[in-house]
Amino acid sequence: MEIFDCISSVARPIHDFGDEFMSDDATAAIGLRAGFAPGRGFYCRGRFGVLGEAPAQVVQAVQGFLGPDLVIAGWRDGRSVMPPEESAACYAQAVRTWGRAHISADVDVEQFNHLAQRLIDAADADALPLFAGWRAQPCPGDDPVGAAMQRIHVLREHRGACHLAAVRLCGLSAQEAMVINLGIEQATHYGWQEPRPVASALISRRQRAERLTDELQAPLYAALTDRQRTAFAQRVDALTR
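The shown structure was predicted, so the numbers you read here are calculated from the model rather than taken from an experiment. (Residues numbered from 1 in each chain as written. Predicted model: local features only at pLDDT ≥ 70, side-chain atom pairs only at ≥ 80, totals over all residues. Heavy atoms only, no water.)

Caption draft 1: Broad picture of the overall build of the protein chain. Assigned secondary structure in the protein chain consists of 13 helices and 0 strands. Secondary structure elements of the protein chain, listed N to C terminal, follow the sequence α-α-α-α-α-α-α-α-α-α-α-α-α. A compact globule built from 241 residues should have a C-alpha radius of gyration of about 18 Å, and the protein chain, at 17 Å, falls within 12% of that. A principal-axis box enclosing the C-alpha atoms of the protein chain has dimensions of 45 × 45 × 30 Å. For the protein chain, with 241 residues in total, the buried portion stands at 49%. For the protein chain, the proportion of contacts with a sequence separation of at least 24, taken over those separated by at least 6, is 75%. (Helix = DSSP H or I, 4+ residues; strand = E, 2+ residues; numbered from the N terminus. Rg over C-alpha atoms; globule rule 2.2 N^0.38 Å. Buried < 20%, exposed > 50% of the residue type's maximum accessible area, 1.4 Å probe, protein only. Contact = heavy atoms within 4.5 Å.)

Caption draft 2: Representation of the packing of aromatic side chains in the model. Evaluation of the coordinates by the stated rule reveals 9 aromatic pairs. Both rings, one in F17 and one in W98, keep their centres 5.0 Å apart while their planes meet at 70 degrees; by these two values the pair is edge-to-face. Of the two residues, F17 is situated in helix α1 (residues 3-23) and W98 in helix α6 (residues 84-102); the sequence distance between them amounts to 81 residues. Each member of the pair, F17 together with W98, is buried. Centroid distance Y43 to F48: 5.9 Å. Interplanar angle 80 degrees. Geometry classified as edge-to-face. Side by side, Y43 and F48 carry an identical accessibility label, which is buried. Grouped by ring-pair contacts, the aromatic residues F17, F21, F36, F42, Y91, W98 and W134 constitute a single cluster. Sitting over the face of the ring of W75, R45 holds its NZ or CZ atom 4.4 Å from the ring centroid. (Phe/Tyr/Trp six-rings, centres within 6.5 Å; stacked < 30°, edge-to-face > 60°. Lys NZ or Arg CZ within 6 Å of the ring centre and 35° of its normal.)

Caption draft 3: Expanded view of the nonpolar core. In this structure, F48 and F232 are the most contacted members of the largest nonpolar core, which totals 60 residues. In contact with F232, not counting residues within four places along its chain, are C6, V10, F112, L115, A116, L119, L155, Y221 and L224. The next biggest cluster of nonpolar side chains, apart from the first, holds 15 residues, and it includes V167, A177, L202 and A209. (Core = buried A, V, L, I, M, F, W, Y, C linked by side-chain atoms within 4.5 Å.)

Caption draft 4: Highlighting the packing of α1 against helix α9 (residues 144-169). Interhelical geometry of α1 versus α9 gives an angle of 110 degrees and a closest axis separation of 9 Å. In terms of their interaxial angle, α1 and α9 are classed as roughly perpendicular. As α1 runs across α9, the sense of the crossing is left-handed. Facing α1, whose interface residues are I7, A11, I14, H15, F17, G18, D19, F21 and M22, α9 presents M149, I152, H153, L155, R156 and R159. Of the residues assigned to the contact of α1 with α9, the class counts are 9 nonpolar, 3 polar and 3 charged. (Axes fitted to C-alpha atoms, helices over the stretch in contact; angles between N-to-C directions. Parallel < 35°, antiparallel > 145°, perpendicular 65-115°, else oblique. Left-handed = near helix turned anticlockwise from the far one by under 90°. Nonpolar A, V, L, I, M, F, W, Y, C, P; charged D, E, K, R; others polar.)

Caption draft 5: Structural detail: the packing of helix α3 (residues 41-48) against helix α5 (residues 68-77). Interhelical geometry of α3 versus α5 gives an angle of 85 degrees and a closest axis separation of 7 Å. Classified by the angle between their axes, α3 and α5 sit roughly perpendicular to one another. Seen from α3, the contacting residues are G41, C44, R45 and F48; seen from α5, they are L70, V71, G74 and W75. Per-class residue counts for the contact of α3 with α5 are 5 nonpolar, 2 polar and 1 charged.

Caption draft 6: Layout of unusual backbone geometry. The phi torsion at A127 lies on the positive side, around 70 degrees, for a residue other than glycine. Mapping A127 onto the fold places it in the loop between α7 (109-122) and α8 (129-135). Residue classification places A127 among the exposed positions, given a relative accessible area of 75%. With a phi close to 50 degrees, E194 is a non-glycine residue in the positive phi region. Given the relative accessible area of 72%, E194 is considered exposed.

Right, here's the structure in full:
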């Protein structure tokens, strides 16, 4: 499988499978049991805790696509519960727990883990701090299914960080990209206050940003052979199905 064919094949399943984890009530319940109040505290402190105790405005700048009020409030609300490093570790455990509940037992997670780790190791993390933080998060060797889900999450963070850079390079704000991609109602759901419609002339910039995101990810997938890329795409399909 060619590099860009592989990227095209796996990008959406990886994104959507991670989205399912993040929006699942079972994930929120783990946060509640850990002491986080209902809301976005566990999500923000857990997902972004790999950045350390950064100011909320810095966290917002790093993640980009969620509205600032949502991120700032969630980050601050979770501060009294546990330090960011512990929050990230708790979130990683939630990632693995969700994976064990949702990845089919007949998936070859060992091959997936091997190939996914090659991609993760091949990545240049410069200017991608959220990805770098998740790549540095310990991944247990005695929980292959949970580790597979954690690697899905890490790869998702890589594409998300590349996409934010691509969006800005193409002359779009993160809010504009969200409105183009999801519509005004969903942009509001993700924390943007009173998002405005985006001029139709800007839609082509979003399409260009997608192509540029693929180009930014291409060096990872060059680390695999054609046959390995085919196998990886097959494992992602089976794992996220």
